[in-house]
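Descriptive analysis of the structure
Here is how the chains run, residue by residue.
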Amino acid sequence: MCSDVYTVYRVVSRRQESEGGASLVLDGSLRADPGQFVMVWLPGIEERPLAVMNDRPLSLTIRDVGPFTHAMCRLQEGDRVWVRGPYGHGFDVRSRRMLLVGGGSGIASLTLLASRSLDEGREVRVALGARTSSQLMLGWRFDELGIPVLYATDDGTVGARGTTVDAIEPLLRAGWPDAVYACGPEPMMIALGRRLRGTDLPLYLSFERTMKCGFGVCGNCHLGDQLVCRDGPVFEGEKVLRVLDPLAE
Amino acid sequence: MCSDVYTVYRVVSRRQESEGGASLVLDGSLRADPGQFVMVWLPGIEERPLAVMNDRPLSLTIRDVGPFTHAMCRLQEGDRVWVRGPYGHGFDVRSRRMLLVGGGSGIASLTLLASRSLDEGREVRVALGARTSSQLMLGWRFDELGIPVLYATDDGTVGARGTTVDAIEPLLRAGWPDAVYACGPEPMMIALGRRLRGTDLPLYLSFERTMKCGFGVCGNCHLGDQLVCRDGPVFEGEKVLRVLDPLAE
Amino acid sequence: MDRDDRSNTGAWQGPKLSVDLAGVRLQNPLVLASGIWGSAAGTLARAGRAGAGAVTAKSCSIEPRRGHPNPTVLQWGHGLINAVGLSNPGAEEECRELQAAKEQLGGTGVALIASVFGETPEAFAQAVLALLPASVDLVEVNISCPNVAAELGRPFALDPGPAASVTEAVRSVYSGPLLVKLSPNAPEIAQVARSVVEAGADGLTVGNTLGPGMIIDLEARRPVLSNRVGGVSGPAIRPIAVRCVYEVAAAVDVPIVGTGGVRTGADAMEMIMAGATAVGIGSALEDEGEEVFGRITRELDQLMRQLGIKSLDEIRGCAHV
Amino acid sequence: MDRDDRSNTGAWQGPKLSVDLAGVRLQNPLVLASGIWGSAAGTLARAGRAGAGAVTAKSCSIEPRRGHPNPTVLQWGHGLINAVGLSNPGAEEECRELQAAKEQLGGTGVALIASVFGETPEAFAQAVLALLPASVDLVEVNISCPNVAAELGRPFALDPGPAASVTEAVRSVYSGPLLVKLSPNAPEIAQVARSVVEAGADGLTVGNTLGPGMIIDLEARRPVLSNRVGGVSGPAIRPIAVRCVYEVAAAVDVPIVGTGGVRTGADAMEMIMAGATAVGIGSALEDEGEEVFGRITRELDQLMRQLGIKSLDEIRGCAHV
Ligand SMILES: Cc1cc2nc3c(=O)[nH]c(=O)nc-3n(C[C@H](O)[C@H](O)[C@H](O)COP(=O)(O)OP(=O)(O)OC[C@H]3O[C@@H](n4cnc5c(N)ncnc54)[C@H](O)[C@@H]3O)c2cc1C
Ligand SMILES: Cc1cc2nc3c(=O)[nH]c(=O)nc-3n(C[C@H](O)[C@H](O)[C@H](O)COP(=O)(O)OP(=O)(O)OC[C@H]3O[C@@H](n4cnc5c(N)ncnc54)[C@H](O)[C@@H]3O)c2cc1C
Ligand SMILES: Cc1cc2nc3c(=O)[nH]c(=O)nc-3n(C[C@H](O)[C@H](O)[C@H](O)COP(=O)(O)O)c2cc1C
Ligand SMILES: Cc1cc2nc3c(=O)[nH]c(=O)nc-3n(C[C@H](O)[C@H](O)[C@H](O)COP(=O)(O)O)c2cc1C
Ligand code: FES
Ligand code: FES
């Protein structure tokens, strides 16, 4: 009501995530599909895309990597955020047994997918990765949902030493998943794509690119001939890895 | 579709009315309440308000009094007219026995009221007036509808010599009508108002004023503090006659 | 005496909506814009009774003008376009209507604003002189109509010099509260504002219609307006009107009537945050009519409560950060 | 070879949508406007494959520019407002993307238009020189961006002299088809058009965004765009863009890319009746994406059949009555 552009929310509660990370629960809901994102403005600071970690109430999880995310992580109860969206297309879910793979701030894109899919009676497992244990985010949320989590850290401080791609190897060999859903650093997603090439497991990847408009006009978020904000942020793995992965044919 | 402003109709058939008058049937319909009007544009000539004589198909009846109406009366089958609207508020009909009183081009505002009211099971009678028989319009339409018409001409060439107000006197004395609906020259409507003052017969008057916008912005059509295009063109008699009739209290 | 004045009895009476426009007190910031509902005493008074803080009559010139033939005013989907062509009954007749309007508004506290235009600075001054008997509360000088360029030439409002000349000419014959109405089409509107204020304006209306624009009918293969082009108003022009108010507010220190595309309480508040003291309401009367004043006032009041704003003075120009 | 060419085999093949833009043949009049979908080869080629007659890359300068911080592009209800601030990767990188785009468009018949800007006439010329290796089909010179006034000063496009200087500077280094992009904010756009054509422009894009405008957030109490103001585009500006095209078409004899608020086949035809040869499509890509080209082309084709128009040449400028 107070502007043509944004809906203003207040922070209801704040939870410290990893070192330099936080989850914020806001004072209202926002109808969104899993995988969709919002543009969040902090007046005087910046406006950036963030995944809808949960939609009722609207919740966000932020990894502190720069000026905007830093300010977000320092918000306190009662502080306001300006939100527009949701934008983009979410995950296309048709499988029974879903394997979710998340890294870094990308994990926030997977929690709503997990909870919705459970509601729909699907089976969900998740692998979360980070450099070190103190950088892992949102494990608590999957615990809340009763979803088994496989952890992987580069330094082995939690879970298997190595990457999430290593961590899911046993599940893949066992032929457990019907489909794999991932969001995280691009190298992680490329590695995952390579591992799955040749299998017939559908792979869905959610990407993070710098954005200006969020609704398919400015071209800032392009990935090959695709616009992450409009055609994504979720893509079929094959389609985008052809552009991203120098080793793909 | 061809402009944001007008719907274009073609003339399907044309009927000569009185000397210098014509009715045009157009090639489409326009949902309207009895008493509402449209703005009709003839490119290169003018744009003027005209009553919706019939709404399916949209039909207009025009009295040739100046450049625009003259051009309208000369339109042939296949010619186009540009129409916007409908605008205004129509007649508020609550009565069982309706007496319609029309003069000049104002008669066109009454035909749709007559046909709708018949459909709704009401009883309708009508009085039509003009200076002389050759200037009477639309009698055929009431005949088609099976509505009894009382004619009045100043020179007595058709019907009673005198005015429509004289012509309806017997019906009034007999206490026939529940309400009176009129559209015509302002002197006629003032005379009607004076005749009915003191009776408790509801009187509804439809006015014709020069218009620019048709939707209540320009103020061109004002009548006291009322805007004919927006608050009218139909008004409760008492309300406007207070402004118009120098003899009203 | 209105609600705000009673607030000194103690308890908070709700947000203060009254404003001071060049020395004239308005009960609320909403001003019926010039050219909407004409100059008839009846319609002006009706808008006032319905809740406008002030009402502006249609611009008039010394001599009567017929204006352009129809079509003259159209809805095109995102607002209006008009080329009425400053039709008016001439200053003498206008003066009578204004006198009647003033009478009808007596006791309501609604301010009456006359509007004038002319072909030369002197003609403006003469028109103002002819209206003096009506003792209106403010005079607005319309130097910015884009619909009569063919006849009257480049609008005075586009350049600082001509704009100031008109202002001076009027100032020299009229000492009451004087508004000058600027054009959103002036590429350097702040400079025009400065020179008009130096020339004696007490306040500025910012602004008139945008453009001109044109709507072509595809079947007719010609522009719809008989004048071909017309001024654009309504929602489409709001961001540009707001920017103009912002720029002008940064440049001068007189009250501004922010005008262009305002339709809701939020729109009105946006104008005020940009620096406006009062807010013009024009095209918003399409379809809705005078109820627009009550609705926008209520919305503004609600918004103020919601945002904890006690008085419009508190937020005027606050977007200048 | 497209449908129109086959029409000389005998039977009528449907309305002729192809046009000649300054010597470059477009299969249809729709041109992706500069700044929409950026300058990446992939997105430009995609718009072309989807049915644009030509695609324009985002304006580039010699050196890379970051542009303004977010918020930079917003939907405000009747169109967009943007202050991207001409962010671009610099002419060298842009040249590589254009080369790749040209390759990807090879054989489609879609024309590729580069766009340049600079701080001085010489900088414009240098940017064009840096892009020469890409052998684009046309070069567009953007003298009309309203979003960098704070940095670059009054846009060249507002006045005939500066506009001509830029045109001359570019003309002296580039002999291919040259478009100059005018501003709808120029109060005398016809004069600017005349002087730009005299200075050597082969065609004109009319025009850039309108304004600038401003949107204020009531809770934040500040303008939403980080640059405070931004150019207004989309449906809100269409009547003004159409009037600009009409005025320019009456003043000069070169092809015009009518740009501003076009969203439907009817809008495109309106531009052509006003005098445009081609029609820019920008904000209309919001939400709908590249499918807009196919849809508008179909609507245009249908309208032409309905109105008995065989070729766009038949109706170009026909609203000048
Ligand atoms: C669809 C989408 C959903 C997102 N969801 C979330 C989310 O839920 N939680 C979250 O914390 N972040 C999310 N992001 C990423 C987030 O938008 C960026 O981290 C943010 O823009 C950084 O802004 P900043 O001002 O804090 O740092 P900046 O100064 O903009 O960046 C700081 C550093 O991080 C790098 N960086 C910025 N963005 C990214 C990125 N997307 N990927 C990799 N490196 C980057 C920069 O290059 C720079 O080195 C999402 C991004 C997208 C596109
Ligand atoms: C709501 C409404 C509905 C109408 N419906 C019809 C209709 O169905 N059929 C029809 O023929 N006309 C109708 N009219 C009247 C019609 O609009 C005018 O006759 C028309 O404007 C005349 O235009 P013109 O260019 O032909 O003549 P003009 O040159 O405008 O006028 C010619 C002469 O007629 C006088 N005149 C113009 N309009 C009126 C009027 N309304 N009343 C009395 N004198 C007038 C003028 O003063 C002038 O002397 C209606 C008007 C209104 C407001
Ligand atoms: C039909 C119409 C007639 C107008 N006539 C005048 C006028 O006579 N004098 C004037 O100063 N402004 C005139 N205006 C401009 C308005 O006063 C106002 O400045 C403009 O419409 C922008 O405000 P809005 O968007 O609220 O309508 C007119 C506007 C319209 C729509
Ligand atoms: C996000 C955005 C970025 C733009 N960037 C440029 C640009 O770099 N160069 C340019 O000449 N015009 C630019 N424009 C203007 C458009 O090319 C076009 O002239 C304007 O938007 C009007 O057309 P539209 O209403 O179809 O969008 C931009 C417009 C938008 C919305
Ligand atoms: S962020 Fe603008 S197109 Fe994706
Ligand atoms: S015709 Fe414009 S207000 Fe009635």
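Residues numbered from 1 in each chain as written. Chains lettered and ligands numbered in written order. Predicted model: local features only at pLDDT ≥ 70, side-chain atom pairs only at ≥ 80, totals over all residues. Heavy atoms only, no water.

1. Things to note about the relation of the copies chain C and chain D
Its rotation angle being 180 degrees, the transformation that places chain C on chain D also includes 0.0 Å of axial translation and leaves an RMSD of 0.0 Å. Such a turn and shift between the copies fits a two-fold axis. If distances are taken from each C-alpha of chain C to the rotation axis, the shortest is found for Ala236(C), at 2.3 Å. When the interface residues of chain C are mapped onto chain D, 100% of them again lie at the interface, so the same face is used by both copies. (Least-squares fit on C-alpha atoms with pLDDT ≥ 70 in both. Contact = heavy atoms within 4.5 Å.)

2. Some details on the interface of chain C and chain D
Contacts between the two partners involve 44 residues from chain C and, on the opposite side, 44 residues from chain D. Between chain C and chain D, roughly 3,800 Å² of surface is buried when both sides are summed, and carbon and sulfur atoms account for 66% of that area. Of all residues in chain C, Met214(C), Leu218(C) and Arg221(C) bury the most surface against chain D, accounting for 19% of the area lost on that side. Taken together, the connections running from chain C to chain D amount to 2 salt bridges. Notably, a salt bridge pairs Arg154(C) with Glu188(D), separated by 2.7 Å at the nearest N-O pair. Connecting chain C to chain D are 13 residue pairs in polar contact (both at pLDDT 80 or more). Where the side of chain C that touches chain D is concerned, the elements lending two or more residues are β11 (210–213), β12 (216–217), β13 (222–223), α8 (238–251), α9 (265–274) and α10 (291–307) of chain C. The biggest single contributor to the side of chain C that touches chain D is α8(C), with 6 residues. (Buried area = accessible area lost by both parts, 1.4 Å probe. Salt bridge = Lys/Arg side-chain N within 4 Å of Asp/Glu carboxyl O. Polar contact = N/O pair within 3.5 Å; in protein donor to acceptor, adjacent residues only side chain to side chain. Helix = DSSP H or I, 4+ residues; strand = E, 2+ residues; numbered from the N terminus.)

3. A short note on the site of ligand 1
Residues and elements named next belong to chain A. Ligand 1 sits among 19 residues. The nearest are Arg-48, Pro-49, Thr-61, Arg-63 and Thr-69. Measuring from an oxygen atom of ligand 1, one finds a side-chain N or O atom of Arg-48 at 2.9 Å. Within the side chain of Thr-69, an N or O atom sits 2.5 Å from an oxygen atom of ligand 1. Summarising the interface, the protein chains cover 71% of the accessible area of ligand 1, which totals 880 Å² for the free molecule. Because more than half of its atoms lie within 2 Å of the grid, ligand 1 is assigned to the second largest pocket. (Near = heavy atom within 4 Å. Areas by Shrake-Rupley, 256 points an atom, 1.4 Å probe, with all protein chains shown as cover. 1 Å grid on protein atoms, 1.4 Å probe; cavity = no way out; pocket = protein on both sides within 12 Å on 5 of 7 lines; lining within 4 Å. Sits in = over half its atoms within 2 Å of the grid points.)

4. Considering the packing of aromatic side chains
The description of an aromatic ring pair uses the distance of the two centres, along with the angle that the planes make with each other. Residue and element names in this part refer to chain C. Under the counting rule described, the total for this entry stands at 16 aromatic pairs over all chains. With centroids separated by 5.6 Å and ring planes inclined at 80 degrees, the aromatic side chains of Phe-124 and Phe-156 adopt a geometry described as edge-to-face. Placement of the pair is Phe-124 in helix α4 (residues 121–131) and Phe-156 in the loop between α5 (149–152) and α6 (160–171), with a sequence separation of 32 residues. Each member of the pair Phe-124 and Phe-156 is classed as buried. (Phe/Tyr/Trp six-rings, centres within 6.5 Å; stacked < 30°, edge-to-face > 60°. Buried < 20%, exposed > 50% of the residue type's maximum accessible area, 1.4 Å probe, protein only.)

5. Let's talk about the domain arrangement of chain A
How big an interface is tends to be reported as the loss of accessible area on association of its parts. Residue and element names in this part refer to chain A. Looking at the assigned domains, one finds that chain A contains domain 1 (3–87) and domain 2 (97–244). For domain 1 and domain 2, the distance between their C-alpha centroids amounts to 20 Å. The interface of domain 1 with domain 2 comprises 25 residues on the first partner and 25 residues on the second. Counting each side, the surface lost to burial between domain 1 and domain 2 is near 2,100 Å², with a carbon and sulfur contribution of 58%. Looking only at domain 1, the three residues that lose the most surface to domain 2 are Pro-34, Met-53 and Arg-63, adding up to 26% of its buried area. Run the count over domain 1 and domain 2 and you get 1 salt bridge. Close ionic contact of Arg-116 with Asp-55 constitutes a salt bridge, the shortest N to O distance being 2.5 Å. At the junction of domain 1 and domain 2, the tally comes to 9 residue pairs in polar contact (both at pLDDT 80 or more). Mapped onto the side of domain 1 that touches domain 2, the elements with two or more residues apiece are β2 (21–26), β3 (37–42), β4 (46–51), β5 (54–55), β6 (58–63) and β7 (80–87). Per element, the largest residue contribution to the side of domain 1 that touches domain 2 is 4 residues, and it comes from β4. The residue makeup of the side of domain 1 that touches domain 2, split by class, is 10 nonpolar, 6 polar and 9 charged. (Domains from an automatic or database assignment. Nonpolar A, V, L, I, M, F, W, Y, C, P; charged D, E, K, R; others polar.)

6. Re the layout of surface pockets
Residues and elements named next belong to chain A. In this model, the second largest pocket occupies a volume close to 1,100 Å³. Around the second largest pocket, the lining comprises 45 residues; the ones closest to its centre are Arg-63, Gly-104, Ser-105, Gly-106 and Glu-208. Every element with two or more residues in the lining of the second largest pocket is listed here: β4, β6, α1 (67–73), α2 (108–119), β9 (123–130), α4 (164–167) and α6 (186–196). It is β4 that contributes the most residues to the lining of the second largest pocket, 5 residues altogether. Of the residues belonging to the lining of the second largest pocket, the class tally is 20 nonpolar, 18 polar and 7 charged. Each of domain 1 (3–87) and domain 2 (97–244) contributes no fewer than three residues to the lining of the second largest pocket. (Points joined across faces, edges and corners; volume = space filled by probe spheres on them.)

7. Let's talk about the arrangement of the chains
By number of contacts, the leading pair among the 5 pairs of chains in contact is chains C and D. Left apart from each other, chain A and chain B have a closest C-alpha approach of 24 Å.

8. A closer look at the site of ligand 4
Taken together, 21 residues surround ligand 4, and among them Ser34(D), Ser59(D), Lys181(D), Gly261(D) and Ser283(D) come closest. Ligand 4 sits at the junction of chains A and D, each of which supplies nearby residues. Between ligand 4 and Ser59(D), the relevant distance is 2.6 Å, taken from a nitrogen atom to a side-chain nitrogen or oxygen of the residue. The backbone of Gly282(D) places a nitrogen or oxygen atom 3.0 Å from an oxygen atom of ligand 4. Expressed as a share of its isolated accessible area of 610 Å², the protein-covered part of ligand 4 is 98%. Counted by class, the shell around ligand 4 contains 4 nonpolar, 15 polar and 2 charged residues.

9. Points about α9(C)
All names here are of chain C. Of all 10 residues making up α9, 10 are buried, and the element is well covered by its neighbours. Restricting attention to buried positions, one finds in α9 the residues Gly-265, Ala-266, Asp-267, Ala-268, Met-269, Glu-270, Met-271, Ile-272, Met-273 and Ala-274. Positive phi shows up at Gly-275, right after α9, with a value of about 130 degrees.

10. Here's the deal with empty space enclosed by the protein
Rolled over the atoms, a probe as big as a water molecule pinpoints where empty space is left. All names here are of chain C. Enumeration over the complete set of coordinates arrives at 7 cavities of 30 Å³ or more. Its boundaries defined by the atoms lining it, the largest cavity holds a volume of some 480 Å³. When contributions to the lining of the largest cavity are tallied by element, the ones reaching two or more residues are β6 (80–82), β8 (138–142) and β16 (278–281). Tallied by class, residues from the lining of the largest cavity come to 14 nonpolar, 19 polar and 4 charged.

11. Focus on the sheet that holds β3(A)
Residue and element names in this part refer to chain A. Spatially, β4-β3-β7-β1-β2-β6-β5 is the arrangement adopted by the 7 strands of the open sheet, whose pairing is antiparallel. Of all strands in the sheet, those bounded by a partner on one side alone are β4 and β5. Where β5 lies against β6, 2 bridges are found, and the strand directions are antiparallel. Considered in β6, the bridge of Asn-54 is made with Ser-59. (Pairing = 2+ DSSP bridges.)

12. Side note on the side chain of Ser61(D)
All names here are of chain D. Secondary-structure assignment places Ser-61 in the loop between β4 (54–56) and β5 (73–75). Of note is the side chain of Ser-61, whose polar atom sits 2.8 Å from the backbone oxygen of Glu-63. Within the structure, the side chain of Ser-61 is placed 3.0 Å from the side chain of Asn-88, a separation counted as a polar contact. Each residue touching Ser-61, except ones within four places of it in the same chain, is listed here: Asn-88, Gly-90, Ala-91, Phe-117 and Ala-127.

13. Quick look at the sheet that holds strand β13 (residues 203–206) of chain A
All names here are of chain A. Sheet architecture is open: 7 strands sit in the order β11-β10-β9-β8-β12-β13-β16, paired in mixed fashion. Two strands bound the open sheet, and with one partner strand each, they are β11 (160–161) and β16 (234–236). Note that strand β10 (residues 149–153) and β11 share 2 bridges and pair parallel. Across the sheet, the residue bridging to Thr-153 is Arg-161, located in β11. Here α2 sits on the sheet and contacts β8 (97–103), β9, β12 (179–183) and β13; the angle it forms with β8, its principal contact strand, is near 165 degrees. Contacts from α6 reach β8, β12 and β13, with the element oriented near 165 degrees to β12. (Axes fitted to C-alpha atoms, helices over the stretch in contact; angles between N-to-C directions.)

14. Thoughts on the pairing of β16(C)
Along any regular strand, the residues point their side chains to alternate faces of the sheet. Residues and elements named next belong to chain C. Side-chain alternation along β16 places Ala-278 and Gly-280 on one buried face and Val-279 and Ile-281 on a second face that is also buried. Where strand β3 (residues 30–32) lies against β16, 3 bridges are found, and the strand directions are parallel. Note on β16: the bridge partner recorded for Leu-32 is Ile-281. Here 3 bridges tie strand β15 (residues 256–259) to β16, and the two strands are oriented parallel to one another. Across the sheet, residue Thr-259 finds its bridge partner in β16, namely Gly-280. For the segment spanning β15, α9 and β16, crossover handedness is right-handed. (Right-handed = clockwise from strand over helix to strand, strands pointing away.)

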